[in-house]
Amino acid sequence: METLKLCVGDIVELKKPHPCGNKNFKILRVGSDVRVICLACSRDMTIDRVKLERSIKKFIEQAEKS
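These figures come from a predicted structure and were not determined experimentally. (Residues numbered from 1 in each chain as written. Predicted model: local features only at pLDDT ≥ 70, side-chain atom pairs only at ≥ 80, totals over all residues. Heavy atoms only, no water.)

Looking at the pattern of salt bridges
Argument step 1. This structure, assessed with the given rule, holds 4 salt bridges.
Argument step 2. Within the structure, one salt-bridge network assembled from shared partners comprises Glu 13, Lys 57 and Lys 58. (Salt bridge = Lys/Arg side-chain N within 4 Å of Asp/Glu carboxyl O.)

Next up, the structure:
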């Protein structure tokens, strides 16, 4: 299984919505766990990387890679 290239600053749309109703999240930290923040209610959470990769529907915006 190939891992996705996740970078800090990427905005992703997930398959299931957050309890506030929003599906868009911004990635704050990348590692074996990924820290994301909901763009509607600003709630931040840490999700296992494998679980997050399975739940990503599409990339809304990708951060500049330097």
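Notes on the sheet that holds strand E5 (residues 56-61)
Argument step 1. Pairing is antiparallel in the open sheet, where 5 strands are placed in the order E4-E3-E2-E1-E5. Since the sheet does not close on itself, it has two edges, and those belong to strand E4 (44-48) and E5, each with one partner. Direction aside, neighbouring strands of the sheet carry axes that sit 40 degrees apart on average.
Argument step 2. As paired elements, strand E1 (residues 11-14) and strand E2 (residues 24-29) share 3 bridges and run antiparallel to each other. (Pairing = 2+ DSSP bridges. Helix = DSSP H or I, 4+ residues; strand = E, 2+ residues; numbered from the N terminus. Axes fitted to C-alpha atoms, helices over the stretch in contact; angles between N-to-C directions.)

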